[in-house]
Each structure stands twice: as structure tokens, then as C-alpha cells.
Amino acid sequence: MIVQIPDLLSVVQLRDARSRLLAAPWVDGLATAGHQGARVKHNRQLAEASPVAVELGDMVLVALERNPLFISAALPALVYPPMFNRYEGGESFGNHVDNALRLMPGRAQRMRTDLSATLFLTDPEDYDGGELLIDDTYGAHSIKLPAGHLVLYPSTSLHRVEPVTRGSRLACFFWIQSMVRDVGQRALLLDLDTSIQRLAQTEADEGARLQLTGCYHNLLRMWSQP
Ligand code: NI
């Protein structure tokens, strides 16, 4: 299940984020690569503890908490503090699967990565290449979204970032442990919630809508681990 979330950040937030990121100190992306990723990862990122990363990461977390589609699609239990990366001059990240477990920075707590997220920060016309290619059971999907848009995909997917051959690609990335671990169950709950929200805009039978809403909550109760 690949879900696109439009306009997570405003134009003003994006402009501010880009100017602060371009002026920030960048380190080799290998700093956080797993054993398998290290051989194919060629990019730069902000040090996790750098003030710019922490402040912009907090801005992203606030935007996520206020976004009903993100909440409905991810059903988040834990969100890894957002990180920032930069690709230019032919940099790329070859095929890999994200690490299953991550230590939450600053906390003695591990999280399981159920969903991976990329928030695009540069407009697509400002760089060539840099597509995020995600393999799932239906084939490969090429994702290159407008600045401010987010893509959520299962962390079990093989994925890569194509070489950036012109301009600079800035993005924010992070992982989510979901209250609902199974991707099929999450997909079903998202479908159900989306249709309930649409029905709520209509004059459709109120008793039937209430019953469907009950089904949603009772399935969530059955499948979730807070
Ligand atoms: Ni990855």
C-alpha cells in the first residue's frame, strides 16, 4: 500500500525549510546506513542531533499530528524523529530494504519500522532524476512528488533513489511503527475510514453510517497494539 499525502507543509514552511537546509552542515549519508545499505548509499544528510534537523523535524511532526490522512493511513504508535537528506551530482541510493528495528534517538527504546516515509522538499522541475522507486507485488512504482507532499510505503518494500543528474534534491525521511502491524489490515482500515468520511458528507442513512463507524472501531480494537 503506497499512500500519497498532499500538502503536508505550506509554501512558507517549505521556503523556510529549504533555505535553512541549504545553509546547514551536511555529513555523509553512511552515518546511519545499515550493513546492507552502506554498499549502495551515496548521499548526504543532516546530523541527527543538529539544531536545524531537530527544529525542522519537530515542524514535520506537528504537521503529521494535524493531518487526518496521515493518522488514518499510518495509525502511528511511534514516529522516528524526521531526518533530512540531499542528493546532487549523480548521487543515488541503490536497492535496499530499510532496517526492521531502530533505536529511537535519545530514548532507550527500539521501534519496529512498519512504514517508511519520504517528504519531498524540492519541486520536481528543479532537479532531474531522483525518483523514489518502490517495488511491491504489483511491480515497481516511480514516485517524484511536488514539494511538500509525502509518500508512505511499507518498510518491507525493496526501494531505491535514482541518481540526481541536475540540481539538488532535498527530502525528509523517517519511519513509523504502526498500531496495526499488518499492511493488509491497515489498508482495509484506511479504505473503511475513507468511505465513512465520504458518507459523512452526505445525507445517507444515519443508522447505517453509525453501524459502519462501529465496525471501523471494533476492527481497530481487534487489530491494534497501542
Ligand atoms: Ni530506504
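Residues numbered from 1 in each chain as written. Predicted model: local features only at pLDDT ≥ 70, side-chain atom pairs only at ≥ 80, totals over all residues. Heavy atoms only, no water.

What follows concerns the domain arrangement of the protein chain. Much of the literature gives interface size as the accessible area that the parts lose upon coming together. You can read the domains of the protein chain as domain 1 (3–178) and domain 2 (183–223). When each unit is reduced to the centre of its C-alpha atoms, the spacing between domain 1 and domain 2 is 30 Å. Every contact between the two is made by 10 residues of domain 1 and, on the other side, seven residues of domain 2. Of the roughly 600 Å² buried between domain 1 and domain 2 on both sides combined, carbon and sulfur atoms contribute 64%. Of all residues in domain 1, Ser 72, Ala 73 and Leu 75 give up the largest surface area on contact with domain 2, accounting jointly for 61% of the area buried on that side. (Domains from an automatic or database assignment. Contact = heavy atoms within 4.5 Å. Buried area = accessible area lost by both parts, 1.4 Å probe.)

Note on the nickel ion: its protein donors are His 96 (NE2), Asp 98 (OD) and His 159 (NE2). The metal-donor distances range over 2.1 to 2.2 Å. Considered as a linear motif, the donors of the nickel ion on their single chain read H-x1-D-x60-H. Of the two residues, His 96 and Asp 98, both sit in the buried class. (Donors = N, O, S within 2.8 Å, 3.2 Å for Na, K, Ca; no water. Buried < 20%, exposed > 50% of the residue type's maximum accessible area, 1.4 Å probe, protein only.)

A few words now on the sheet that holds strand E13 (residues 139–143). Judged by pairing direction, the sheet is antiparallel, and its five strands sit side by side in the order E3-E7-E15-E12-E13 without closing on themselves. Edge strands, defined here as strands with exactly one partner in the open sheet, are strand E3 (41–42) and E13. Examined bridge by bridge, strand E12 (residues 132–136) and strand E15 (residues 159–161) share three bridges and lie antiparallel to one another. The residue of E15 that forms the bridge with Leu 132 is Val 161. (Pairing = 2+ DSSP bridges. Helix = DSSP H or I, 4+ residues; strand = E, 2+ residues; numbered from the N terminus.)

One can describe the packing of helix H4 (residues 183–200) onto helix H5 (residues 206–223) by two numbers: an axis separation of 10 Å at closest approach and a directional angle of 155°. The angle between H4 and H5 falls in the class roughly antiparallel. Every pair of crossing elements has a handedness; the one defined by H4 and H5 is left-handed. Touching Gln 185, Leu 188, Leu 189, Leu 192, Asp 193, Ile 196, Leu 199 and Ala 200 of H4 are Arg 209, Leu 212, Thr 213, Cys 215, Tyr 216, Leu 219, Leu 220 and Trp 223, all from H5. A breakdown of the residues in the contact of H4 with H5 according to their chemical character gives 12 nonpolar, two polar and two charged. (Axes fitted to C-alpha atoms, helices over the stretch in contact; angles between N-to-C directions. Parallel < 35°, antiparallel > 145°, perpendicular 65-115°, else oblique. Left-handed = near helix turned anticlockwise from the far one by under 90°. Nonpolar A, V, L, I, M, F, W, Y, C, P; charged D, E, K, R; others polar.)

A separate point is the packing of helix H1 (residues 11–22) against helix H2 (residues 51–65). Orientation of H1 relative to H2, taken along the N-to-C sense of each, is 165°, at an axis distance of 11 Å. By the angle between their directions, the pair H1 and H2 is classed as roughly antiparallel. Classified by chirality, the crossing of H2 by H1 is left-handed. Across from Gln 13, Ala 17, Arg 20 and Leu 21 in H1, the residues of H2 making contact are Val 52, Glu 55, Leu 56 and Met 59. In terms of residue class, the contact of H1 with H2 is made up of five nonpolar, one polar and two charged.

The subject of this paragraph is the pattern of salt bridges. Tallied over the entire structure, the rule returns six salt bridges. For Arg 20, the salt bridge is made with Glu 55, and the minimal N-O distance between the two is 2.7 Å. Placement of the pair is Arg 20 in helix H1 and Glu 55 in helix H2, with a sequence separation of 35 residues. On the basis of relative accessibility, which here comes to 28%, the residue Arg 20 falls in the partly exposed class. Between Glu 162 and Arg 160 there is a salt bridge whose closest N-O contact spans 3.4 Å. (Salt bridge = Lys/Arg side-chain N within 4 Å of Asp/Glu carboxyl O.)

The next point concerns H5. If you check H5, its first and last C-alpha atoms are 26 Å apart, about what 18 residues at 1.5 Å a residue would give, namely 26 Å. Regarding H5, its N-cap is Asp 205, as a side-chain oxygen of that residue lies 2.9 Å from the backbone nitrogen of Gly 207 further along. (Expected span 1.5 Å × (residues − 1). Polar contact = N/O pair within 3.5 Å; in protein donor to acceptor, adjacent residues only side chain to side chain.)

A few words now on the side chain of Asn 85. Inspection of the secondary structure assignment puts Asn 85 in strand E6 (residues 83–88). Its relative accessible area of 7% is what places Asn 85 among the buried residues. Those residues within four positions of Asn 85 in sequence are excluded, and the remaining contacts are Trp 26, Asn 43, Arg 44, Gln 45, Arg 169, Leu 170, Ala 171 and Phe 173.

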